[in-house]
Amino acid sequence: MCTKRSIPASRAAPAVGTGIGVKVAIIDSGINAQHSHVQRVAGGTHVCRGQDGTLNFLGSWHDSLGHGTALAGVLRAKAPDAQLYSVKVFDKTLRTDAEVVAAAIRWVADRHIEIANCSLSTENANDRDVLQAACDYATARGVILVASTDGEARKLFPACLAGIIAVTGDERCAWDEYYYCAKKGVFLAHPHPRPLPGRPQRFNLQGHSFAAAHVAARIACIRELHPAAGHEEVLRVLMADALPPAAIKAG
């Protein structure tokens, strides 16, 4: 069964936390710190392959695609005081390889960043072990990992791995709503970023990626209020927040 909780607008701020003091990494295409929806970034890195195939960690983490910036906008809207870190793994296209993502996850863990948003996925089963090892490394160091998935039966990594909070987008979820589907072990959330002035939302970016950011922002607020909460406790709070029971209706 899927359960739903709607967060009233009147509870939007300090009563449910603002993410103050909580570090959140966005593992994606980088972040434009000057964007009006973001305004500031605490730091970051660009994980990429060198010409010789080795992994490099560069300081140029600016976003040239807009995807990571849109994710950061969601985090800033819902957890306005969180410290955002730009961990760039995409450059000219939204494509990379599992070892780059794994290195990014380890980078996050080594810098004691509490939450990592991974709005990316792969169906390649050959990538499972390298991603699971990186996720295990991070969770052992207290990182809460959130990843997007499409909610279908197929396995998408890293969302389907142990220790990951998986999220899929659903148009029936309003901006401040999310559901939990126990049968699939997946959270459902709003699949859109913040609206852009003068641009209809249907022409803006959208998809499962943004649903993950909505849940990651909620986790930042949970970690502010419960700084010692690990993966299991955060998961319990998220599931409790999805109450009282109300099944999602099709259509």
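Up top you'll find the structure we're talking about.
Just so it is clear, the structure is predicted and the values come from calculations on it, not from any experiment. (Residues numbered from 1 in each chain as written. Predicted model: local features only at pLDDT ≥ 70, side-chain atom pairs only at ≥ 80, totals over all residues. Heavy atoms only, no water.)

Undergrad: Can you help me understand the overall build of the protein in this one?
TA: Along the protein, the regular secondary structure elements total five helices and ten strands. Among the 251 residues that make up the protein, the fraction classed as buried is 53%. Roughly 11300 Å² of accessible area belongs to the protein as shown, and the carbon and sulfur atoms make up 53% of that amount. (Helix = DSSP H or I, 4+ residues; strand = E, 2+ residues; numbered from the N terminus. Buried < 20%, exposed > 50% of the residue type's maximum accessible area, 1.4 Å probe, protein only. Areas by Shrake-Rupley, 256 points an atom, 1.4 Å probe, with all protein chains shown as cover.)

Undergrad: When you look at the side chain of D63 in this model, what are you seeing that I'm missing?
TA: The topology assignment puts D63 in the loop between β4 (55-58) and α1 (67-78). Of note is the side chain of D63, whose polar atom sits 2.9 Å from the side chain of S29. A distance of 2.7 Å separates the side chain of D63 from the side chain of T69, its partner in a polar contact. Among all residues touching D63, those that are not within four sequence positions of it are S29, G30, I31, N32, G68 and T69. (Polar contact = N/O pair within 3.5 Å; in protein donor to acceptor, adjacent residues only side chain to side chain. Contact = heavy atoms within 4.5 Å.)

Undergrad: Help me understand the packing of helix α4 (residues 208-225) against helix α5 (residues 231-241), please; the structure alone is not making it clear to me.
TA: For the pair α4 and α5, interaxial distance at closest approach is 11 Å and the crossing angle is 115 degrees. What the angle tells us is that α4 and α5 run roughly perpendicular. Crossing of α4 against α5: the hand is right-handed. In contact with V215, R218, I219, I222 and R223 of α4, α5 contributes V234, V237, L238 and D241. Its residues assigned to classes, the contact of α4 with α5 comprises six nonpolar, no polar and three charged. (Axes fitted to C-alpha atoms, helices over the stretch in contact; angles between N-to-C directions. Parallel < 35°, antiparallel > 145°, perpendicular 65-115°, else oblique. Left-handed = near helix turned anticlockwise from the far one by under 90°. Nonpolar A, V, L, I, M, F, W, Y, C, P; charged D, E, K, R; others polar.)

Undergrad: I tried to follow the packing of α1 against α4 on my own but got confused; where do I start?
TA: The axes of two packed helices give the description: the angle between them and the distance between them. Here α1 crosses α4 at 35 degrees, and the two axes come no closer than 8 Å. As for the relative orientation of α1 and α4, their crossing is right-handed in sense. Contacts between α1 and α4 involve H67, A70, L71, V74, L75 and K78 from the former and S209, F210, A213, H214, A216, A217 and C221 from the latter. Looking at the contact of α1 with α4 residue by residue, the class counts come to nine nonpolar, three polar and one charged.

Undergrad: What is the right way to read the environment of C181 from this model?
TA: Looking at where C181 falls in the secondary structure, it is placed in strand β9 (residues 177-181). With 30 residues separating them in the primary sequence, C181 and G151 have C-alpha atoms 9.8 Å apart.

Undergrad: Looking at this structure, I do not really get the pattern of salt bridges. What am I missing?
TA: Proximity of charged atoms lets side chains of opposite charge pair with each other. The final tally for this structure, using the stated rule, is seven salt bridges. Of the charged contacts in the structure, one is a salt bridge between D170 and R172, with a shortest N-O distance of 2.6 Å. Given a relative accessible area of 11%, D170 falls into the buried group. The closest approach of N and O atoms between D241 and R218, which form a salt bridge, is 2.6 Å. With D241 in helix α5 and R218 in helix α4, the pair connects residues that are 23 residues apart, well separated along the chain. For D241, a relative accessible area of 13% puts it in the buried group. (Salt bridge = Lys/Arg side-chain N within 4 Å of Asp/Glu carboxyl O.)

Undergrad: Teacher, can you tell me more about unusual backbone geometry here?
TA: Both trends apply: most residues other than glycine have a negative phi, and most peptide bonds are in trans. That bond from F157 to P158 is cis: its omega, 10 degrees, falls within 30 degrees of zero. Relative to the assigned elements, P158 resides in the loop between β7 (144-148) and β8 (164-169). Phi is positive for Q39, close to 75 degrees, though the residue is something other than glycine. In this structure, Q39 sits in the loop between β2 (23-28) and β3 (43-49).

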